[in-house]
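Geometric and topological summary
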Amino acid sequence: MYRFLLTPRWWGINLFLLLSIPFCVFMGSWQLGRFEDRVDSHRDAEARIATDKREAARPLDDLLPVTKATSGKQATASGRYDTQLLVPDRTLDDEDGYYVLTLLRTDTGRALPVVRGWLPGTPDPAEVPAAPTGEVTVTGALQASETPGSNGVSARGGLPEGQTSAISSASLVNLVEYDVYDAWVTLNQGDAGMRAVPATAPGGTGLDLKAFQNLGYTAEWFAFVGFVIFMWFRLLRREVELARDAELGLAPDGDQDEDRNGDQDGKREPEQSSPSAV
């Protein structure tokens, strides 16, 4: 009954099964490893943020450009506050609000975006505390420029005057007449009673969409293993049933119809020749 397993067709099916299962298991394990690496990287980044906050602040120019190694480091800069902008659609402790962003004009001629704090509700310039006047020195966690549309950063346009959707030099350079650092700083302590904005882990180290894509791919590869095994057993069962029917002399309906038609054709009387053919 199982002699069909020795046919070339089933040799190919069995070979495909034996090769596909370890391949799918390998790919699923690899995707799972990628996800675990991202989880470990996220934990290390979160732990490093707390460690960096206890380190001594370094001059801003010594930490530029912002990399994964310098993101979150304590930076210090001096200058005078200038243009102030509000950054809407920012959540802190599951509460909606906005950032208060003020550009610090430094002696280098460039301005450093400084997040002085967070306020709840919708952006309202009347409720925002005025920035300190005169020469000031700020200290906070260094952050890389944001990319609109990623990591929860709003990408919507058409904002009112005095607002920006992203803390990015590419966005801010269109709002002010002077150069802007390709970085920003969030103060360790909120200015004028505002709540401080905590530093975030650098890009590529968090549990973002790519991390959960790896987890989804893991499930897909292991699900494919089950699908391949299921289809093999289904084909095997079909062949066994056909072999059993053949041993019992049972033929599929199509074969019976062909036999019936053949019998009728065999019993059909030969056609008589017409008189005109004589």
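Above this text is the structure in question.
These figures come from a predicted structure and were not determined experimentally. (Residues numbered from 1 in each chain as written. Predicted model: local features only at pLDDT ≥ 70, side-chain atom pairs only at ≥ 80, totals over all residues. Heavy atoms only, no water.)

**Quick look at the environment of Arg-38**
To keep things clear, this is the line we draw: Starting at the N terminus, helices and strands are each numbered in turn, a helix being any DSSP run of H or I of at least four residues and a strand any DSSP run of E of at least two. Residues adjacent in sequence count toward polar contacts only when both atoms are side-chain atoms; beyond that, a polar contact is any pair of N or O atoms within 3.5 Å, and within protein one must be able to donate a hydrogen and the other to accept it.
On the secondary structure map, Arg-38 appears in helix 1 (residues 8–53). Measuring from C-alpha to C-alpha, the distance between Arg-38 and Ala-211 comes to 6.3 Å, with 173 residues separating the pair along the chain. Within the structure, the side chain of Arg-38 is placed 3.2 Å from the side chain of Asn-214, a separation counted as a polar contact.

**A look at the packing of aromatic side chains**
Just so we agree on the cut-off: A pair of Phe, Tyr and Trp rings is counted when the ring centres sit within 6.5 Å of each other, with Trp represented by its six-membered ring. The angle between the planes then sorts it: under 30 degrees is stacked, over 60 is edge-to-face, the rest tilted. Partly exposed residues are those whose accessible area sits between 20% and 50% of the maximum for their type, while under 20% is buried and over 50% is exposed, using a 1.4 Å probe and protein chains only.
Inspection of every chain in the model, using the stated rule, returns five aromatic pairs. Judged by centre distance (6.3 Å) and plane angle (80 degrees), the rings of Trp-10 and Trp-232 are edge-to-face. Residue Trp-10 is found in helix 1, and its partner Trp-232 is found in helix 3 (residues 209–247); the two are separated by 222 residues along the sequence. Exposure remark for Trp-10: the relative accessible area of 1% places this residue in the buried category.

**Structural notes on the pattern of salt bridges**
Operational definition: The working definition used for a salt bridge is a side-chain nitrogen of Lys or Arg within 4 Å of a carboxyl oxygen of Asp or Glu.
On inspection of all chains with the given rule, the structure shows nine salt bridges. Here Asp-191 makes a salt bridge to Arg-116, at a shortest N to O gap of 3.0 Å. One end of the pair, Asp-191, is in the loop between strand 6 (184–187) and helix 3; the other, Arg-116, is in strand 4 (residues 111–120), and 75 residues separate them in sequence. This pair shows no difference in class: Asp-191 is buried, exactly as Arg-116 is. Here the salt bridges share partners, and the residues they tie into one network are Asp-93, Glu-95 and Arg-195.

**Regarding unusual backbone geometry**
For the bond from Leu-64 to Pro-65, the omega torsion is -5 degrees, close enough to zero to count as cis. With respect to the helices and strands, Pro-65 occurs in the loop between strand 1 (58–59) and strand 2 (74–92). Unusually for a residue other than glycine, Asp-89 sits at a positive phi of about 60 degrees. Relative to the elements of secondary structure, Asp-89 occurs in strand 2. The class of Asp-89 is partly exposed, set by a relative accessible area of 41%. Positive phi is not limited to glycine here, since Asp-94 has a value of about 60 degrees. Structurally, the position occupied by Asp-94 is in the loop between strand 2 and strand 3 (95–105).

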